[in-house]
Amino acid sequence: MLLRQVLRRGLQSFCHRLGLCVSRHPVFFLTVPAVLTITFGLSVLNHFQPEGDLERLVAPSHSLAKIERSLAGSLFPLDQSKSQLYSDLHTPGRYGRLILLSQPGDNILLHAEGILQTHRAVLEMKVNHKGYNYTFSHLCVLRNQDKKCVLDDIISVLEDLRQAAVSNKTTARVQVRYPNTKLKDGRNSFIGHQLGGVVEVPNSKDQRVKSARAIQITYYLQTYGSATQDLLGEKWENEFCKLMRKLQEEHQELQLYHLASFSLWRDFHKSSILARSKVLVSLVLILTTATLSSSMKDCLRSKPFLGLLGVLTVCISLITAAGIFFITDGKYNSTLLGIPFFAMGHGTKGVFELLSGWRRTRENLPFKDRVADAYSDVMVTYTMTSSLYLITFGMGASPFTNLEAVKVFCQNMCVSILLNYFYIFSFFGSCLVFAGQLEQNRYHSIFCCKIPSAEYLDRKPVWFQTVMSDGHQQTSHHETNPYQHHFVQHFLREHYNEWITNIYVKPFVVILYLIYSSFSFMGCLQISDRANTINLLASDSPSVSYAMVQQKYFSNYSPVIGFYVYEPLQYWNSSVQEDLRRLCSGFTAMSWVEQYYQFLKVSNISASNKSDFISVLQSSFLKKPEFQHFRNDIIFSKAGDESNIIASRLYLVARTSRDKQKEVIEVLEKLRPLSLSKSIRFIVFNPSFVFMDQYGLSVTVPVLIAGFGVLLVLILTFFLVIHPLGNFWLILSVTSIELGVLGLMTLWNVDMDCISILCLIYTLNFAIDHCAPLLYTFVLATEHTRTQCIKISLQEHGTAILQNITCFLIGLVPLLFVPSNLTFTLFKCLLLTGGCTLLHCFVILPVFLTFFPPSKKHHKKKKRAKRKEREEIECIEIQENPDHVTTV
């Protein structure tokens, strides 16, 4: 108890001296932040650079999939095999992808001629570089066997259909099967990702296609790693997108959706471009709200400019933080859009608390002492909450965080909070000093002119009296606190406090909290950690439209999974063959092993030993035209006259539903353990695994670490700072708010991506920011009853809490009008954060604190003992001097 009092008094004494220092040197503390802002603000313009690698930002930094990618690339170059390793949105390298969708009820296979015309337009499209024209044939990925461009097999199917139409044959004569079809050259090809919306012929044993709605074609470009090749690829992709928009206008019978390798990155940064004007509108709304909420009818004590300057203080601190970020080679990305809103929510809280602290000081004191008293009253709690911000976001920026976007955001947030704290006590503190000096000298808070005397005002019109009144007409000279006429404080004191503590209201509040808890718990049971990159893109972008159509018509099969056997294997052994069949069971396999076994069976060839197996494989099987493409899937080594298979690969595709991503993650989690337990050593890889692998763990770890950090700090300070029961109630309140936001945002269809994770980390701090002053004032209050103590807490801090949360929520409204999934997620999460915190501060805590400890009876007993002691002393004095009583 003594240690707690010593620490608290020491912190208050330090903050009091800090306030005196600022009040004695206001020009210095006003100039230094301004110079820093100008210096670092100019660097924003000179060093601004956007982040160009989306994978680096949103894919887990440390994952097994990246190691598997390196190993698979060392065996079979991914640039040559990316046409086989189909991936929905995360295809490596440069490419152009096209979906053609027919009208409802129509069969797209009947439009073979129109589709092939579009295909030829893409092949003939030219890009100019240094006077030379380049077409797709100059830039495409080449096949090893004939050095021709790699094209999707659906093109061959469409050519067969067109030839059948030209020769007046029915399309039924061309047998198209799904998902595996046989091409004219004898090859079996998987077209599950190239043909969508398929309706099969009823009772068809060979899975013949009756009709289809969509066709997807991908054009793969070479990537040598040179700057020229990359520039040519970028130009080709831009021309490809322009061509698709042009063809869409010409061909109304088919809908065209296009995607290029830069589409995700471009649409990710499009959110920032779309949000610029809305962020400025948000700033104007916050400035207006802060100015109005800081005003009073009393022209002397009203502080509208302090509310305005408080918001501007946070803005210039953010400009300084942005300059430091870009000077240190930081790269901007759209997730950083949340920093202004996060920092504003904390910074304006300090501004409004200092204003409330100023109102609680005695007017007869010099303005410098009033500033120092306000600092000692407010800055202790504000320092603690700022420290918790630094701890939680510092842990989010630690190496334990596996998402680069979260790490970069947390690093910037730490710098912003640190500068925010410095600017609040220096720049805004100086503004408070000048405003206090104007008030002490009786200057008008808006016009900065001397307020006339009451006798002079009486001779003036009513409008002049209203504008120039300092409140003497409304308040008596014996009133201890003229600031109680602030409209928010008056509403809380005269109306709300009496209503919320009414015994008839409390049962309804308990029922409300039970409803809140049940919905929160229900939402927490439905949390999903789907790593959907679409949640970070502009909602009206081509990438989102493409992804929606792709999910609707091409979700029957998972991405093509590369199955890499990276050690020599006895393929001729029957037990190995059985293991391979067992591993591939349940998948649609594109396997040279399976085709080779079938070839041996049909040809009636025995290959039960190594020499026969490899000899027939090289001399017969791989030389047939329909099997030549399997040469790319086998790596031979030769030692003398003997050949060995040192590595090989197969392709597996799983049957999936609309929730493809969840099922692919389940497949990945099932296959990986088998690679360790089986005799066959293999790895599985698809480019999309880099984004999915360990994503659930990557997004939850930052919140768990931040929550653990807050809990640890509060427990360590349990018996050191303020009051142990205050920390206990703070832990309960923060947990309730955090779980409420988590559950409700899940019910609002918000996935656990990097934006929602950052909002959850912020919720911890936002809840502490607003609940801590209220709770600590309550536990330290010395009134007779809990009801009186909670009334005092709401009177002292309710105004600042209501002002700040109102500004925070009003500032979020423009985000609702930004056509972006990223900003919409940000709006949902922050709206729930502000709403749940407001609910706890003004409804739940004021009622529940009147039921549970800390008890106020010991304060009542102490006051009774003091009163009794005073009465005894007075009796003794009367007995000692009875003449005095007679005289009276």
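Here the structure is a predicted model, which is why all the values come from computation and not from measurement.

Visitor: Quick question: what am I supposed to make of the packing of aromatic side chains here?
Guide: Summed over all chains, the structure comprises 42 aromatic pairs. Taking the centre distance of 4.8 Å and the plane angle of 35 degrees together, the rings of Phe 766 and Phe 808 count as tilted. Pair noted here: Phe 766 is in helix α27 (residues 754–780) and Phe 808 is in helix α28 (residues 786–812), with a separation of 42 residues, a long-range link. Taking relative accessible area as the criterion, Phe 766 reaches 0% and is therefore assigned buried. Under the relative-accessibility criterion, Phe 808 is labelled buried at 6%. Here a set of aromatic residues connected by ring pairs shows up, and it is made of Tyr 571, Trp 572, Trp 592, Tyr 596, Tyr 597, Phe 599, Phe 613, Phe 621, Phe 627 and Phe 630. The side chain of Arg 370 reaches across the aromatic face of Trp 358, ending 4.0 Å from its centre.

Visitor: Honestly, the side chain of Ser 356 in this entry has me stumped. Any pointers?
Guide: As for its placement among the helices and strands, Ser 356 is situated in helix α12 (residues 338–360). We classify Ser 356 as buried; its relative accessible area is 5%. With residues near it in sequence (within four places) discarded, Ser 356 still touches Glu 796, Thr 799 and Ala 800.

Visitor: Would you mind showing me how to read the packing of helix α17 (residues 487–500) against α28 here?
Guide: For any two helices packed against each other, one specifies the crossing angle of their axes together with the interaxial distance. Look at α17 against α28: their axes get within 10 Å of each other, and the N-to-C directions meet at 130 degrees. Considering their axes alone, α17 and α28 lie oblique with respect to each other. Considering the relative orientation of α17 and α28, their crossing is right-handed. Residues Val 488, Gln 489, Leu 492, Arg 493, Asn 497, Glu 498 and Ile 500 of α17 form the contact with α28, whose own contacting residues are Lys 791, Leu 794, Gln 795, Gly 798, Thr 799 and Leu 802. Looking at side-chain class alone, the contact of α17 with α28 contains five nonpolar, five polar and three charged residues.

Visitor: Would you take a moment to explain the UniProt feature "transmembrane region" (unreviewed entry) in the protein chain for this structure?
Guide: Using the residue numbers shown here, the UniProt feature "transmembrane region" (unreviewed entry) corresponds to residues 305–327, 379–397, 417–435, 703–722, 729–749, 755–779, 800–818 and 830–852. Helix makes up 90% of residues 729–749 and strand 0%. Its end C-alpha atoms lie 30 Å apart. Within residues 800–818, the helical portion is 68% and the strand portion 0%, while the C-alpha atoms at the span's ends are 29 Å from each other.

Visitor: Please clarify how the side chain of Thr 823 should be interpreted in this entry.
Guide: Within the secondary structure, Thr 823 is located in helix α29 (residues 821–848). Thr 823 gets classed as buried once you look at its relative accessible area, which sits at 0%. A distance of 3.1 Å separates a polar side-chain atom of Thr 823 from the backbone oxygen of Ser 820. In this structure Thr 823 touches Ala 275, Leu 337, Leu 815 and Val 818, once residues within four positions along its chain are discounted.

Visitor: Could you clarify how one ought to interpret the sheet that holds strand β6 (residues 195–196) in this entry?
Guide: Read from one edge of the open sheet, four strands run β6-β9-β1-β10, paired in antiparallel fashion. The open sheet terminates on both sides in strands that have one partner only, identified here as β6 and β10 (254–260). Bridge analysis of strand β1 (residues 95–102) against β10 gives seven bridges, and the strand direction is antiparallel. Across the sheet, residue Arg 97 finds its bridge partner in β10, namely Leu 259. Relative to the sheet, helix α6 (residues 112–124) contacts β1, β9 (214–220) and β10, its axis offset from that of β9 by approximately 15 degrees.

Visitor: Would you mind going over the pairing of strand β15 (residues 682–685) with me for this structure?
Guide: Burial along β15 is two-sided: the face carrying Phe 682 and Val 684 and the face carrying Ile 683 and Phe 685 are both buried. The pairing of strand β11 (residues 561–565) with β15 spans four bridges and is classified as antiparallel. By the bridge assignment, Phe 563 is partnered in β15 with Val 684.

Visitor: What's the story with helix α14 (residues 404–440) in this structure? I'm lost.
Guide: Think of an α-helix as turning once every 3.6 residues; residues three or four places apart then point the same way. In a regular helix each residue adds 1.5 Å, so 37 residues correspond to 54 Å; α14 covers 52 Å between its end C-alpha atoms and thus fits that length. Where α14 terminates, the next one or two residues include Arg 442, which has phi positive at roughly 60 degrees.

Visitor: Help me understand a nonpolar patch on the surface in this model?
Guide: A surface patch of nonpolar side chains, about 490 Å² in accessible area, is lined by Val 281, Leu 285, Val 813, Leu 816, Phe 817 and Phe 824. By the secondary structure assignment, Phe 817 is in the loop between α28 and α29. According to the relative accessible area criterion, Phe 817 is exposed, its value standing at 55%.

Basis of the calculations
Residues numbered from 1 in each chain as written. Predicted model: local features only at pLDDT ≥ 70, side-chain atom pairs only at ≥ 80, totals over all residues. Heavy atoms only, no water. Phe/Tyr/Trp six-rings, centres within 6.5 Å; stacked < 30°, edge-to-face > 60°. Helix = DSSP H or I, 4+ residues; strand = E, 2+ residues; numbered from the N terminus. Buried < 20%, exposed > 50% of the residue type's maximum accessible area, 1.4 Å probe, protein only. Lys NZ or Arg CZ within 6 Å of the ring centre and 35° of its normal. Contact = heavy atoms within 4.5 Å. Axes fitted to C-alpha atoms, helices over the stretch in contact; angles between N-to-C directions. Parallel < 35°, antiparallel > 145°, perpendicular 65-115°, else oblique. Left-handed = near helix turned anticlockwise from the far one by under 90°. Nonpolar A, V, L, I, M, F, W, Y, C, P; charged D, E, K, R; others polar. UniProt positions renumbered as here; feature names shortened; annotations may be inferred. Polar contact = N/O pair within 3.5 Å; in protein donor to acceptor, adjacent residues only side chain to side chain. Pairing = 2+ DSSP bridges. Expected span 1.5 Å × (residues − 1). Patch = residues over 30% accessible without salt bridge, like charges linked within 9 Å, V, L, I, M, F, W, Y side chains within 5 Å. Areas by Shrake-Rupley, 256 points an atom, 1.4 Å probe, with all protein chains shown as cover. Salt bridge = Lys/Arg side-chain N within 4 Å of Asp/Glu carboxyl O.

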